[in-house]
Amino acid sequence: GPAQSGILSDREVVNLFLHFTVNPKPKVDYIDRPRCCLRGKECSINRFQQVESRWGYSGTSDRIRFTVNRRISIVGFGLYGSIHGPTDYQVNIQV
């Protein structure tokens, strides 16, 4: 979206990227407090602890299943593809 639209300068795009990917977070020139009521601990769930080369695909669905004892908010997910370059995929994601 905004990063490719030209609304932000190249420096602003880099600053946003750094803000969301590094710790400690660099000082920014904008308000970085959440604008919504989502508060609490952030937890990252990974299907694989590390991937050194590749894993085999057996034809079954990959999935992460977990249970919680309170309301949670899912704020994002990642989908990874071929190590051999660009490839088209058809996927079905259910949350």
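Heads up: the structure comes first, above all this text.
These numbers come from a predicted model, not from an experiment.

1. Structural notes on the overall build of the chain
Link 1 in the chain: A count of helices and strands for the chain gives two helices and zero strands.
Link 2 in the chain: Looking at the chain as a whole, 2% of its 95 residues qualify as buried.
Link 3 in the chain: When contacts within the chain are restricted to residue pairs at least 6 apart in sequence, those whose partners lie at least 24 apart make up 16%.
Link 4 in the chain: Carbon and sulfur atoms make up 51% of the accessible area of the chain, which totals about 10100 Å².

2. Description of the side chain of His-19
Link 1 in the chain: Mapped onto the elements of the fold, His-19 is located in helix α2 (residues 10–21).
Link 2 in the chain: A residue is classified by how much of its surface remains accessible, and His-19, at 7% relative accessible area, is buried.
Link 3 in the chain: Ignoring sequence-local partners within four residues, the contact set of His-19 consists of Lys-25, Pro-26, Val-28, Tyr-30 and Asp-32.

3. Looking at a nonpolar patch on the surface
Link 1 in the chain: On the surface, Ile-45, Ile-64, Phe-66, Val-68, Ile-72, Ile-74, Phe-77, Leu-79, Tyr-89, Val-91, Ile-93 and Val-95 cluster together into a nonpolar patch covering about 1200 Å² of accessible area.
Link 2 in the chain: You can see Tyr-89 is positioned in the segment after α2.

Each value, and the rule that gives it
- Residues numbered from 1 in each chain as written.
- Predicted model: local features only at pLDDT ≥ 70, side-chain atom pairs only at ≥ 80, totals over all residues.
- Heavy atoms only, no water.
- Helix = DSSP H or I, 4+ residues; strand = E, 2+ residues; numbered from the N terminus.
- Buried < 20%, exposed > 50% of the residue type's maximum accessible area, 1.4 Å probe, protein only.
- Contact = heavy atoms within 4.5 Å.
- Areas by Shrake-Rupley, 256 points an atom, 1.4 Å probe, with all protein chains shown as cover.
- Patch = residues over 30% accessible without salt bridge, like charges linked within 9 Å, V, L, I, M, F, W, Y side chains within 5 Å.
- Salt bridge = Lys/Arg side-chain N within 4 Å of Asp/Glu carboxyl O.

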